[in-house]
Amino acid sequence: MRKFVDERGWRWDVIVGRESWGSLYALFIPGAGVTAQPRQALLDAVSLQAANEAIDTMHMQELRRLFERSEPKETG
C-alpha cells in the first residue's frame, strides 16, 4: 500500500484491486476526514504481484498522473 496526497492536500491510500474478469486497478481510498468517494485507474499489469510492484516503485509524479486519470469507483 502507498500513501498519496493530491493537489488539494487530501490523503489517499493506494492499493491494487482486481475485478471479477481479471483486470487490475489502482484503487485510491480516501484517508481520514476526506469525503470523496474511492477512485480507480486501470493498470497495465499481467499479475497481482506485477501490479503491486508497479504501485510500490512508481515515482510520485507517475502516481499523480495515475490519480489524474482515475475515475470514481462505483460502490454498493
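Attention in this report is confined to the structure presented alongside it. It should be emphasised that the depicted structure is a prediction, and the values quoted were computed from it without experimental measurement.

Cut-off values and rules
- Residues numbered from 1 in each chain as written.
- Predicted model: local features only at pLDDT ≥ 70, side-chain atom pairs only at ≥ 80, totals over all residues.
- Heavy atoms only, no water.
- Salt bridge = Lys/Arg side-chain N within 4 Å of Asp/Glu carboxyl O.
- Helix = DSSP H or I, 4+ residues; strand = E, 2+ residues; numbered from the N terminus.
- Buried < 20%, exposed > 50% of the residue type's maximum accessible area, 1.4 Å probe, protein only.
- Arc of directions from axis to C-beta.
- Contact = heavy atoms within 4.5 Å.
- Pairing = 2+ DSSP bridges.
- Axes fitted to C-alpha atoms, helices over the stretch in contact; angles between N-to-C directions.
- Lys, Arg positive; Asp, Glu negative; His and termini not counted.
- Polar contact = N/O pair within 3.5 Å; in protein donor to acceptor, adjacent residues only side chain to side chain.

This part covers the pattern of salt bridges. The tally for this structure, following the rule as stated, stands at three salt bridges. The salt bridge partner of Lys73 is Glu19, with a shortest N-O separation of 3.8 Å. Here Lys73 is found in the segment after strand S5 (71-72), whereas its partner Glu19 is found in the loop between strand S2 (11-18) and strand S3 (24-30), with 54 residues between them in sequence. Residue Lys73 is classed as partly exposed on the basis of its relative accessible area, which comes to 23%.

Quick look at helix H2 (residues 60-68) now. Along H2, the positions that sit buried rather than exposed are Leu63, Leu66 and Phe67. Along the long axis of H2, the arc covered by the buried residues comes to 100 degrees, so they all point the same way. Looking at the buried side of H2, the elements it contacts are strand S1 (2-5), S2, S3, strand S4 (39-42) and helix H1 (48-57).

Whenever strands of a sheet pair, they do so through backbone hydrogen bonds, lying parallel or antiparallel. A sheet is described by the order of its strands in space; here five strands give the open sequence S1-S2-S3-S4-S5, paired in antiparallel fashion. Of all strands in the sheet, those with a lone pairing partner are S1 and S5, marking the two edges. Packed onto the sheet, H1 meets S1, S2 and S3 and runs at close to 160 degrees relative to S2. Contacting S1, S2, S3 and S4, H2 runs over the sheet at an angle of about 70 degrees to S1.

Mapped onto the elements of the fold, Arg2 is located in strand S1. For the buried Arg2, which has no salt bridge, the nearest side chain bearing the opposite charge is Asp56, at an N-O separation of 5.9 Å. At a separation of 2.8 Å, a polar atom in the side chain of Arg2 contacts the main-chain carbonyl oxygen of Ile55. A polar side-chain atom of Arg2 sits 2.9 Å from the main-chain carbonyl oxygen of Met58. Leave out the neighbours within four places in its chain, and Arg2 touches Trp12, Asp13, Val14, Ile55, Asp56, Thr57, Met58, Met60 and Leu63.

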